[in-house]
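Here's the letter readout for the chains.
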Amino acid sequence: MADAVFTVDGDDRILQPGAVEFDGELITWVGDPGREPAGVGTEVRELGGLLMPGLVNCHGHSPMTLVRSAGDGLPLERWLSESVWPREARLSDDDVFWGMTLGAVELLCNGTTTTCEQYRHPGPVIEALVASGIRAVFTPGIFDVPGSGREDSWPALLEDTCRIFDEMDGREGRLQVGFGPHAAYTVPPEGLRAIAEEAQARGALLQIHLSETEAECRLVEERFGKSAPRLLADVGALAGRVLAAHAVWVDDADLDVMAEFDVGVAHCPGSNGKLGSGVARLTDLLDRGLRVGLGTDGPASNDDLHLWDEMRLAAILARAVAADPGALSSAAALRLATRGGGEVLGLPVGSLEAGRPADLIRLRTDDARFVPSVTPAELLGHLVWAGAGYLVTDVWVGGSMVVEAGRCTLIDGARAQAEVAQRARRLIAS
Ligand SMILES: [Zn+2]
């Protein structure tokens, strides 16, 4: 029971007070506890504060906590080649395990219950994700690593991903494995086609960076004579479950292609802004009926993993670009961070309704940011325009408490912080 429950259901109901009942992993009832008291034998907890669905991160490379803030001020191509890749080349599996663990601590403690990750080193990433208790979709990165041998080529990495899918998909009921071709400019067309065929044969999510920067789009046009969305459609890569990260430099014809194939989009306004990549056409994406969620991207280009900032930036930029405060409502912004993300990933998360997974978070509201809260509309406004991770006290994933009083219950946040702080020094050394 809480003072307020944001259901983010089809009617965006706000209950004051409200209660969420769950049995095992699933929500069994959401409503007004005054009207429908709990049945005999139900344990009732008076939490106060506010309950809402856990936030859904649709695009991240969270082990990059190890290179947080690397290459600040460089454009994407130079940022990758001069700053990020040299450090990543020195990563051991243990480094990645601790990098992902710290990422999971940061995500969970700030209210994110589901994250969609793309990275190399699949073993330690999966180990850290599963240990943390977070719900995850993991798409191991597939591309030809510059200057490497056969083991780091797209065919070998695709083979690895197929094996990982067959062994790990569905692990603990919280891990889905997908396929992560990096982008249309880093994987050749025959690779994109082959990866898509394997993903589609397994009903798996294909996650790809799409039209992130203007320079990358020029490269794809010069090389293939068409845009990246058109190229992906032509090689059959958009036919299954597809998640496109960024989609900043897309024209109307690209949007038509994406709508035709029902491509989901991870909108990453913080990363796109920090790297000077541009501002995605959020309201145009939504107007076309595309499924849209939010992504933090990696912590080197953000630099934190606080989805609250992405929600607020998405709404601020949409309204500022349109010069219209009605361009994106507060309720629509909250949907992007929750239910919209679930729809993009094809998971029934992001909404508090009977039958859905009990992935929810509690925020304390005894804070200046929530005072006064005279009407439900103002309370919603505070959540979207002033909500912050430090207010998150408790987090449940699949009915299990994974954060209690601000601390992870399953993993050691202080140790993860110390490990990453120390390991990052070795990576930076030339
Ligand atoms: Zn990315």
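Just so it is clear, the structure is predicted and the values come from calculations on it, not from any experiment.

**Re the coordination of the zinc ion**
Protein coordination at the zinc ion comes from His59 (NE2), His61 (NE2), His209 (NE2) and Asp297 (OD), with a distance range of 2.1 to 2.4 Å. What the four donor atoms of the zinc ion show is an angle range of 85 to 175° at the metal, which sorts the shape as irregular. Along the chain, the residues that donate to the zinc ion are spaced as H-x1-H-x147-H-x87-D. Of this pair, His61 sits in the loop between strand 6 (55–60) and helix 1 (76–88) while His209 sits in strand 12 (residues 205–210), and the two are 148 residues apart along the sequence.

**So, the domain arrangement of the protein chain**
What the domain assignment reports for the protein chain is domain 1 (4–53 + 358–408) and domain 2 (55–345). Centre-to-centre separation of domain 1 and domain 2, based on C-alpha positions: 29 Å. Contacts between the two partners involve 30 residues from domain 1 and, on the opposite side, 26 residues from domain 2. For domain 1, the biggest contributors to the area lost against domain 2 are Val8, Val384 and Trp385; these three give 28% of the whole. Linking domain 1 with domain 2 are two salt bridges, by the criterion used here. Here Arg335 makes a salt bridge to Asp12, at a shortest N to O gap of 2.4 Å.

**Side note on the environment of Leu286**
Mapping Leu286 onto the fold places it in helix 10 (residues 282–287). Residue Leu286 is classed as partly exposed on the basis of its relative accessible area of 31%. With 21 residues separating them in the primary sequence, Leu286 and Val265 have C-alpha atoms 9.9 Å apart. Leaving out residues up to four positions away in the same chain, Leu286 has contacts with Val292, Leu328 and Leu336.

**Overview of the pairing of strand 18 (residues 400–404)**
As judged from the three bridges shared by strand 17 (residues 392–397) and strand 18, these two strands associate in the antiparallel manner. Bridging across to strand 18, Trp396 finds its partner in Met401. In this antiparallel pair of consecutive strands, strand 17 and strand 18, the connection spans two residues, and Gly398 shows a positive phi of 55°. As defined by bridge partners, strand 18 adjoins strand 19 (residues 407–408) across two bridges and the pair is classed as antiparallel. Pairing of Val403 across the sheet is with Cys408, part of strand 19.

**Some remarks on the packing of aromatic side chains**
Evaluated as defined, the whole model comprises three aromatic pairs. Ring geometry for Phe165 versus Phe179: centroids 6.3 Å apart, planes at 35°, classification tilted. Placement of Phe165 in helix 4 (residues 154–168) and of Phe179 in the loop between strand 10 (175–177) and strand 11 (180–181) is noted, with a sequence separation of 14 residues between them. Exposure class is identical for Phe165 and Phe179. Each is buried.

**A short note on the sheet that holds strand 1 (residues 4–6)**
The seven strands are arranged 2-1-5-16-17-18-19 in an open sheet whose pairing can be described as mixed. Every other strand in the sheet has two partners, leaving strand 2 (14–15) and strand 19 as the edge strands with one partner each. As paired elements, strand 5 (residues 50–53) and strand 16 (residues 360–363) share four bridges and run antiparallel to each other. Looking at strand 16, one finds that Leu51 is bridged to Arg362. Together, strand 1, strand 2, strand 5 and strand 16 form the strand contacts of helix 14 (residues 376–386), whose direction differs from that of strand 1 by roughly 65°.

**Things to note about the nonpolar core**
Residues Met52, Met258 and Leu363 are the most contacted members of the largest nonpolar core, which totals 112 residues. At 10 residues, helix 2 (residues 93–109) tops the list of elements feeding residues into this core. In contact with Leu363, not counting residues within four places along its chain, are Gly49, Leu50, Met52, Trp308, Phe370, Leu383, Leu391 and Val392. Counting residues in hydrophobic clusters, the runner-up holds 13 residues, among them Leu205, Ala245, Ala266 and Leu347.

**Description of the side chain of Arg312**
Following the sequence through the fold, Arg312 ends up in helix 11 (residues 307–322). One buried charged side chain, Arg312, makes no salt bridge at all; its nearest oppositely charged neighbour is Asp309, positioned 4.1 Å away. Those residues within four positions of Arg312 in sequence are excluded, and the remaining contacts are Arg369, Val384, Trp385, Ala386 and Gly387.

**Overview of the side chain of Asp95**
As for its placement among the helices and strands, Asp95 is situated in helix 2. The buried category is assigned to Asp95, whose relative accessible area is 0%. Within the structure, the side chain of Asp95 is placed 2.9 Å from the side chain of Arg423, a separation counted as a polar contact. Reaching out from Asp95, the side chain makes a polar contact with the side chain of Arg426 at a distance of 2.6 Å. If we skip the residues at most four places from it in the chain, Asp95 touches Leu66, Arg90, Arg423, Arg426 and Leu427.

**Some details on helix 6 (residues 214–224)**
Residue pairs three or four apart in sequence face the same way in an α-helix, which turns once every 3.6 residues. Along helix 6, the positions that sit buried rather than exposed are Glu216, Cys217 and Val220. Projected down its long axis, helix 6 shows its buried positions confined to an angular sector of 100°, all on one face. Gly225, located one to two residues past helix 6, shows a positive phi value of around 70°.

**Remarks on the packing of helix 2 against helix 15 (residues 413–428)**
The description of two packed helices rests on the angle between their axes and on the distance between the axes. Close contact between helix 2 and helix 15 brings their axes to 9 Å; oriented N to C, the two are set at 135°. Here helix 2 lies oblique to helix 15, going by the angle between them. Between helix 2 and helix 15 lies a crossing of left-handed hand. Together, Asp94, Asp95, Trp98, Gly99, Thr101, Leu102 and Val105 of helix 2 and Gly413, Arg415, Ala416, Gln417, Glu419, Val420, Arg423, Arg426 and Leu427 of helix 15 make up the contact between the two elements.

What counts and what doesn't
- Residues numbered from 1 in each chain as written.
- Predicted model: local features only at pLDDT ≥ 70, side-chain atom pairs only at ≥ 80, totals over all residues.
- Heavy atoms only, no water.
- Donors = N, O, S within 2.8 Å, 3.2 Å for Na, K, Ca; no water.
- Tetrahedral: all angles 85-135°; square planar, octahedral: opposite > 155°, others 65-115°.
- Helix = DSSP H or I, 4+ residues; strand = E, 2+ residues; numbered from the N terminus.
- Domains from an automatic or database assignment.
- Contact = heavy atoms within 4.5 Å.
- Buried area = accessible area lost by both parts, 1.4 Å probe.
- Salt bridge = Lys/Arg side-chain N within 4 Å of Asp/Glu carboxyl O.
- Buried < 20%, exposed > 50% of the residue type's maximum accessible area, 1.4 Å probe, protein only.
- Pairing = 2+ DSSP bridges.
- Phe/Tyr/Trp six-rings, centres within 6.5 Å; stacked < 30°, edge-to-face > 60°.
- Axes fitted to C-alpha atoms, helices over the stretch in contact; angles between N-to-C directions.
- Core = buried A, V, L, I, M, F, W, Y, C linked by side-chain atoms within 4.5 Å.
- Lys, Arg positive; Asp, Glu negative; His and termini not counted.
- Polar contact = N/O pair within 3.5 Å; in protein donor to acceptor, adjacent residues only side chain to side chain.
- Arc of directions from axis to C-beta.
- Parallel < 35°, antiparallel > 145°, perpendicular 65-115°, else oblique.
- Left-handed = near helix turned anticlockwise from the far one by under 90°.

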